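Report on the structure
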Amino acid sequence: DVKVTQSSRYLVKRTGEKVFLECVQDMDHENMFWYRQDPGLGLRLIYFSYDVKMKEKGDIPEGYSVSREKKERFSLILESASTNQTSMYLCASSSLLAGFLNEQFFGPGTRLTVL
Amino acid sequence: AQTVTQSQPEMSVQEAETVTLSCTYDTSESDYYLFWYKQPPSRQMILVIRQEAYKQQNATENRFSVNFQKAAKSFSLKISDSQLGDAAMYFCASRGGSNYKLTFGKGTLLTVNP
């Protein structure tokens, strides 16, 4: 079974803090994704990575950065957390297989509250 | 660019009944894929069913089936014999054939009443 794990289920941080959200997958997937989920807005892509040290901006990258030093690990960084970054963060991974088989597998999510 | 619209923020169904969740999409790509994901309360998002755009036959997975209307750009999910465990947020998503990124709708919260 594919497993995508996230370092924390719940996190509370203060405004201005640097926040690291970690994601690890065990299926040797090339692609990894960070989404933000907000009520009424669905999932929005923040960043994704298709290889180690490679990254591409998604739809809402402002205020975030990412790091992928190892294939299995993809980190989301909030350089200076703000209250409007309070949200559920979902990590996902998928293989490079073309077409239909390219299913994304999701982690359990991290609910981040910024006070 | 792709857009996905789910017009029903919430739906409810009686246990053992059938419910249909709506989804429309727009894409400029000729090759694309469509998905329904399920997110149970406090649990991981999982894939329910998927459809290749070039296939005319509607996908089916046990009690879950889709009604894919390509010309209308519609991709609805039908859940038959609804069970309490079907209660979840359901997301419709699309992906271009040459792209790894999913575009999600805003979700439909399904309640199953006993």
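Residues numbered from 1 in each chain as written. Chains lettered and ligands numbered in written order. Predicted model: local features only at pLDDT ≥ 70, side-chain atom pairs only at ≥ 80, totals over all residues. Heavy atoms only, no water.

Re the side chain of S65 of chain A
All names here are of chain A. The test is simple: What counts as a helix is a DSSP run of H or I of at least four residues, what counts as a strand is a run of E of at least two, and both are numbered from the N terminus. Each residue is placed in one exposure class: buried if its accessible area under a 1.4 Å probe, protein chains only, is under 20% of its type's maximum, exposed if it is over 50%, and partly exposed if it falls in between. Polar contact is defined as a pair of N or O atoms within 3.5 Å, subject to the rule that within protein one atom must be able to donate a hydrogen and the other to accept it, and that residues adjacent in sequence are counted only when both atoms are side-chain atoms. In what follows, residue pairs with any heavy atoms lying within 4.5 Å of each other are defined as contacts.
Considering the arrangement of structural elements, one finds S65 in strand β7 (residues 65-70). Residue class for S65 comes out buried when judged on its relative accessible area of 17%. Side chain to side chain, S65 and E79 meet in a polar contact 3.3 Å long. Apart from the residues lying within four places of it in its own chain, the contact partners of S65 are Y47, S75, L76, I77 and E79.

Focus: the state of the cysteines
All names here are of chain B. Selection criterion: Throughout, disulfides are identified as pairs of cysteine sulfur atoms within 2.5 Å of each other.
Under the defined criterion, the tally for this structure stands at two disulfides over all chains. A disulfide bridge connects C23 with C92, and the sulfur atoms are separated by 2.0 Å. Here C23 and C92 share a disulfide; its torsion about the S-S bond, -70 degrees, makes the bridge left-handed. Here C92 lies in strand β10 (residues 88-96) and C23 lies in the loop between β3 (19-21) and β4 (24-27), a separation of 69 residues in the sequence. Exposure remark for C23: the relative accessible area of 1% places this residue in the buried category.

Description of the interface of chain B and chain A
The figure often quoted for interface size is the accessible area lost as the parts come together. What counts here: Computed with a 1.4 Å rolling probe, the buried area is the accessible surface lost when two parts are put together, summed over both parts. Salt bridge, as applied in this entry: a Lys or Arg side-chain nitrogen positioned within 4 Å of an Asp or Glu carboxyl oxygen. Under the scheme applied, nonpolar residues are Ala, Val, Leu, Ile, Met, Phe, Trp, Tyr, Cys and Pro; charged residues are Asp, Glu, Lys and Arg; polar residues are all the others, including Gly.
Taken together, the 18 residues of chain B in the interface contact 23 residues of chain A. Where chain B abuts chain A, roughly 2,000 Å² becomes buried across the two surfaces, and 56% of that area is made up of carbon and sulfur atoms. The tally of links between chain B and chain A comes to one salt bridge. R50 of chain B serves as the salt-bridge partner of E103 of chain A, at 3.5 Å between the closest nitrogen and oxygen. Counting across the chain B and chain A interface gives four residue pairs in polar contact (both at pLDDT 80 or more). The dominant element in the side of chain B that touches chain A, judged by the number of residues it contributes, is strand β6 (residues 46-52) of chain B, at four residues. Considered class by class, the residues forming the side of chain B that touches chain A number eight nonpolar, five polar and five charged.

Some words on unusual backbone geometry
All names here are of chain B. Within the chain, S42 stands out as a residue other than glycine whose phi angle is a positive 60 degrees. A relative accessible area of 61% places S42 in the exposed class. With a phi angle near 50 degrees, D81 is a residue other than glycine that sits in the positive phi range. Examined against the element boundaries, D81 turns out to sit in the loop between β9 (74-79) and β10. Residue classification places D81 among the partly exposed residues on the basis of a relative accessible area of 40%.

Things to note about the packing of aromatic side chains
Threshold: A pair of aromatic rings is counted whenever rings of Phe, Tyr or Trp (Trp by its six-membered ring) have centres within 6.5 Å, and the orientation is called stacked for planes under 30 degrees apart, edge-to-face for over 60 and tilted otherwise.
Under the definition given, this model contains 14 aromatic pairs over all chains. Between F48 of chain A and Y50 of chain A the ring centres are 6.4 Å apart and the planes differ by 50 degrees, which places this aromatic pair in the tilted class. By relative accessible area, which is 30% here, Y50 of chain A ends up partly exposed. Both rings, one in F91 of chain B and one in F104 of chain B, keep their centres 6.2 Å apart while their planes meet at 90 degrees; by these two values the pair is edge-to-face. Taken together, the residues span a long stretch of sequence, with F91 of chain B in strand β10 and F104 of chain B in strand β11 (residues 103-104) at a distance of 13 residues. Site record: aromatic cluster; members linked through ring pairs are F33, Y35, F48, Y50 and F106 of chain A together with F35, Y37, F91 and F104 of chain B.

As for the environment of S93 of chain A
All names here are of chain A. Inspection of the secondary structure assignment puts S93 in strand β9 (residues 87-94). In the structure, S93 is positioned 25 residues away from R68 in sequence and 13 Å away in space, judged by C-alpha atoms. Excluding anything up to four places from it in sequence, S93 contacts V4, Q25, H29, N31, M32, F33, E103, Q104 and F105. One polar contact links S93 to H29, side chain to side chain, over a distance of 2.8 Å.

Brief notes about the confidence of the model for chain B
Here is the rule: Each residue carries a pLDDT score, the predictor's confidence in it, ranging from 0 to 100.
In the predicted model, chain B carries a mean pLDDT of 93, and 100% of its residues have values of at least 70. The lowest-confidence element of chain B is strand β7 (residues 60-61) of chain B, averaging 92 in pLDDT; the highest-confidence one is β3 of chain B, averaging 98.

Structural notes on the sheet that holds strand β8 (residues 73-78) of chain A
Residue and element names in this part refer to chain A. Note the cut-off: Paired strands, in this sense, are two strands between which DSSP finds at least two bridges. Each axis is a line fitted through C-alpha atoms, and for a helix only the stretch in contact is used; angles between axes span 0 to 180 degrees, taken between their N-to-C directions.
If you walk across this open sheet you meet the four strands as β1-β3-β8-β7, and the pairing is antiparallel. Looking at which strands have only one partner, the edges of the open sheet turn out to be β1 (4-6) and β7. When the angles between neighbouring strand axes are averaged without regard to direction, this sheet yields 20 degrees. As judged from the six bridges shared by strand β3 (residues 19-25) and β8, these two strands associate in the antiparallel manner.

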